[in-house]
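Letter by letter, the chains look like this.
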Amino acid sequence: MLLKTVNLTKYYGNFLALDKLNIEVREGEIYGFVGPNGAGKTTAMKILACLMNASAGEAYIDGISIMQNPAKAKKLIGYMPDFFGVYDNLKVDEYLDFYADAHNVPKGERGPLIDDLLRLVNLADKKDKYVDTLSRGMKQRLCLARSLIHEPKLLILDEPASGMDPQARAEMKFILKALKAQGKSILISSHILPELSEMCDRVCILSRGKAVVSGNIDEIMDTMGRRAKITIGFLADEDLQNGVAVMRTNDLVGEMVREGNNVEAVFNGTDEDISKLIKAFALSDVRIVSISKTVQSLEQIFLEVIGNEN
Amino acid sequence: MKIKIKVNNPIISSEMKIRMRSWRSPIALLVYIFILVIFLLIFASMALSTMRYGYSSADYSEVGLVIFYTLSIVQFFIIVLVAPASTAGAISSEREKQTLDLLLCTQMSPAKIVIGKLVSSLLWILLMFVASIPLYSIAFLFGGVNPMAVVTVMLYYFLVSLTAGSIGLFYSTVFKRTVTSSIMAYLTIFLIFILSLVIGYAELFFLSQRGVYPDFAKAFYFNPFIAFLGAMSIALQGSTGSNIFAVTSYQLYTLVIVNVIFLFVLSSFSLLTSMKRINPLKGSKR
Ligand SMILES: Nc1ncnc2c1ncn2[C@@H]1O[C@H](COP(=O)(O)OP(=O)(O)OP(=O)(O)O)[C@@H](O)[C@H]1O
Ligand SMILES: [Mg+2]
């Protein structure tokens, strides 16, 4: 286990921003923090980057306590904040050299390292440009390179793709996957679950400072129930009346909405359960003309999870 | 013997690089020297025009002293004005630009960051002193001045710019905006100068009511300018025997020593507090 938090808690005055967070990030995995605005993602990440004290709890990186030994922990962590700026009057390579120096990277190693990183983030041709002339997406990639300058084991990236266009987002995703292939572990936050679900091995959904669910996407879908919507078309009104009666006796059927001769219902079961429902219609002589199933998207599940919490 | 000074502070090397690159730096230096020369010309010509006929070497050394005092005093106030401004943005501009967190999550300790910011500002002021040294040679041409006096002046400049710079730095950790921290730094320094004078004169006044007439008020010890004049006086005693204040040299030494200690305490306090203030994990080790 590369990163482990134990009941990590943060109060801002009386306000509980992070409530007993327990997460574990394994070596070589991408771990996602998802949650709406104000969920506590940045708070958790700043504590892990040694930029803020926790009110209670512990965190360990590679077995080192972040609270007891921040200087050592910082060597293992590369942090990219959600908002950041750059110095004027510095060129791209000087900018990276400055942070390499600040991380005590020996002078002899910096040159090749900077070249490698610039290639990784696709800025090799901007080496001699002034940092403040770069576009926002470029600055974000440069900041990513900066967070890698001391070759940390864990990257903590706070919404690294915010404010980027779709192409830049895809590019960022590609870079992160390449880093994962190099063996880096990444803790990344976003308020968009589908965006993370593609590249994260596991995610943790945060809401109001609490971890609501965590695990890999499949596990989360299981925990939340594989909810689907089914739409059934009945032949006549009497079939619809009888059909609704049948569905009322089924525990797996949730809320129903009628539309003409169609009924749209929330269904909490598997495909096998659907076939049983169809059989039950047949046994009651309910004539159905059509049936269709739509699985709820990750985003809908996410919104529901968060909605239940609030 | 070869002494290798290793500047192992990324902030210093990077800020020096940026400063050297900017076209503003040489121009600022030129303007600075120009201001000094103007003052020098005005006061030197005034001194020369009041010179009696039948020039004696004593008259020439009078002119040398005038040039020396003019240069030293004008520079003193320029430094008091420049030093706090050059550090007042040190931390607040990092906050404004949102780069402070990036710095704090490196291996640089808050102490190293504060020292780096201070030294890179002071080095610039040091360059200003050094650029003014050739002007002092004009004073030597007339005589009345000794090299020790120039060294004393430079040491005092260093101390005053250290203190004023530290105060500016301290306020830059308190306020989010550079403008606010500049204003507060100037206000604080202004108060140190004015309060020590006002309290000093009040002291003398109240003592005189009781029929006591001391040469010097205790509060004057805390006035950097008075102590600066005292220090110059001590250094020049050897060559001219002149003494700006009508006090014993014991009192002159007390004045300078107390003031030097006061300035050191003030700058240490400002710097230590600044280091504490930017440490995000202050009061940790639960
Ligand atoms: N310095 C602070 N002082 C007081 N409250 C704070 C502070 N920083 C954050 N908070 C509060 O803590 C809660 C969590 O904030 P945090 O920034 O961690 O959320 P987040 O998940 O990163 O949100 P976002 O998606 O907007 O970045 C919010 O309600 C916020 O208002
Ligand atoms: Mg945030």
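**Student:** I tried to follow the overall build of chain B on my own but got confused; where do I start?
**Tutor:** For chain B, the helix and strand inventory stands at ten helices and zero strands. C-alpha extents for chain B along the principal axes are approximately 75 × 55 × 40 Å. Burial status across chain B gives 48% buried among its 286 residues. Contacts spanning at least 24 positions in sequence make up 79% of the contacts within chain B whose residues lie at least 6 apart. Total accessible area on chain B stands at roughly 14,500 Å², and carbon and sulfur atoms take up 72% of it. Side chains of chain B carry 21 positive and 8 negative charges; the gap between the two charge centres is 16 Å.

**Student:** Any chance you could explain the site of ligand 1 here in plain terms?
**Tutor:** All names here are of chain A. Ligand 1 sits among 13 residues. The nearest are N37, G38, K41, T42 and T43. A distance of 2.7 Å separates an oxygen atom of ligand 1 from a polar atom in the side chain of K41. Contact with the protein chains hides 60% of the accessible area of ligand 1, taken as 630 Å² for the molecule alone. At the level of secondary structure, the elements contributing two or more residues to the shell around ligand 1 comprise β2 (15-21) and α1 (41-48). Per-element tally for the shell around ligand 1: the top contributor is α1, with three residues. Residues belonging to the shell around ligand 1 are distributed by class as follows: five nonpolar, six polar and two charged.

**Student:** Whenever I open this one, the domain arrangement of chain A confuses me. Can you help?
**Tutor:** Often the size quoted for an interface is simply the accessible area lost on bringing the parts together. Assigned domains within chain A: domain 1 (3-215) and domain 2 (226-297). With centres defined by C-alpha atoms, the gap from domain 1 of chain A to domain 2 of chain A works out at 47 Å.

**Student:** What's the story with the sheet that holds strand β13 (residues 253-259) of chain A in this structure? I'm lost.
**Tutor:** Hydrogen bonds along the backbone pair up the strands of a sheet, which may run parallel or antiparallel. Residue and element names in this part refer to chain A. Within the open sheet, the four strands sit side by side as β13-β14-β12-β15. Their pairing is antiparallel. Each having just a single partner strand, β13 and β15 (288-295) make up the two edges of the open sheet. Averaged over neighbouring strand pairs, the angle between their axes works out to 20° when direction is ignored. Two strands pair when backbone bridges link them, and β13 and strand β14 (residues 262-267) are joined in this way by five bridges, in the antiparallel orientation. Residue pairing across strands places R258 opposite V263, the latter belonging to β14. Where helix α9 (residues 237-248) meets the sheet, its contacts fall on β12 (228-234), β13 and β14, and the angle it forms with β13 comes to roughly 165°. Each of β12, β14 and β15 touches helix α10 (residues 271-283); the most contacted strand, β15, lies at about 160° to it.

**Student:** So what exactly am I meant to see when it comes to the state of the cysteines here?
**Tutor:** Here a disulfide denotes one covalent bond, and it connects the sulfur atoms of two cysteines. Per the counting criterion, the structure on display carries zero disulfides over all chains. Free of any disulfide, C143 of chain A has its nearest cysteine sulfur in C105 of chain B, 8.6 Å distant.

**Student:** Would you explain the nonpolar core in this entry?
**Tutor:** Across soluble globular proteins, nonpolar side chains show a tendency to be buried alongside one another. By size, the foremost hydrophobic cluster in this structure holds 168 residues, and its most contacted members are I66, L144 and L187 of chain A together with F68 of chain B. If one sorts the elements of this core by residue count, helix α7 (residues 147-174) of chain B sits on top with 14 residues. When neighbours within four sequence positions are excluded, L144 of chain A is seen to be in contact with M80, V121, L155, L157, M172, I175 and L176 of chain A. I230, F234, L240 and V244 of chain A belong to the second largest nonpolar core, which has 15 residues in total.

**Student:** Explain α1 of chain A to me, please; I cannot follow it from the model alone.
**Tutor:** For the α-helix, the turn length of 3.6 residues means that residues three or four positions removed from each other point alike. In terms of burial, α1 of chain A is largely enclosed, as six of its eight residues are buried. Positive phi appears at C50 of chain A, one or two residues downstream of α1 of chain A, with a value of about 65°.

**Student:** Which parts of the structure should I look at to understand the packing of helix α3 (residues 92-102) of chain A against helix α5 (residues 136-147) of chain A?
**Tutor:** All names here are of chain A. Their axes nearest at 9 Å, the elements α3 and α5 cross at an angle of 30°. Between α3 and α5 lies a crossing whose hand is right-handed. Between α3 and α5, the residues in contact are V92, Y95, L96 and Y99 and L142, A145 and R146, respectively. Broken down by class, the residue content of the contact of α3 with α5 amounts to six nonpolar, no polar and one charged.

Thresholds, definitions, all that
Residues numbered from 1 in each chain as written. Chains lettered and ligands numbered in written order. Predicted model: local features only at pLDDT ≥ 70, side-chain atom pairs only at ≥ 80, totals over all residues. Heavy atoms only, no water. Helix = DSSP H or I, 4+ residues; strand = E, 2+ residues; numbered from the N terminus. Buried < 20%, exposed > 50% of the residue type's maximum accessible area, 1.4 Å probe, protein only. Contact = heavy atoms within 4.5 Å. Areas by Shrake-Rupley, 256 points an atom, 1.4 Å probe, with all protein chains shown as cover. Lys, Arg positive; Asp, Glu negative; His and termini not counted. Charge placed at Lys NZ, Arg CZ, Asp CG, Glu CD. Near = heavy atom within 4 Å. Polar contact = N/O pair within 3.5 Å; in protein donor to acceptor, adjacent residues only side chain to side chain. Nonpolar A, V, L, I, M, F, W, Y, C, P; charged D, E, K, R; others polar. Domains from an automatic or database assignment. Pairing = 2+ DSSP bridges. Axes fitted to C-alpha atoms, helices over the stretch in contact; angles between N-to-C directions. Disulfide = S-S within 2.5 Å. Core = buried A, V, L, I, M, F, W, Y, C linked by side-chain atoms within 4.5 Å. Left-handed = near helix turned anticlockwise from the far one by under 90°.

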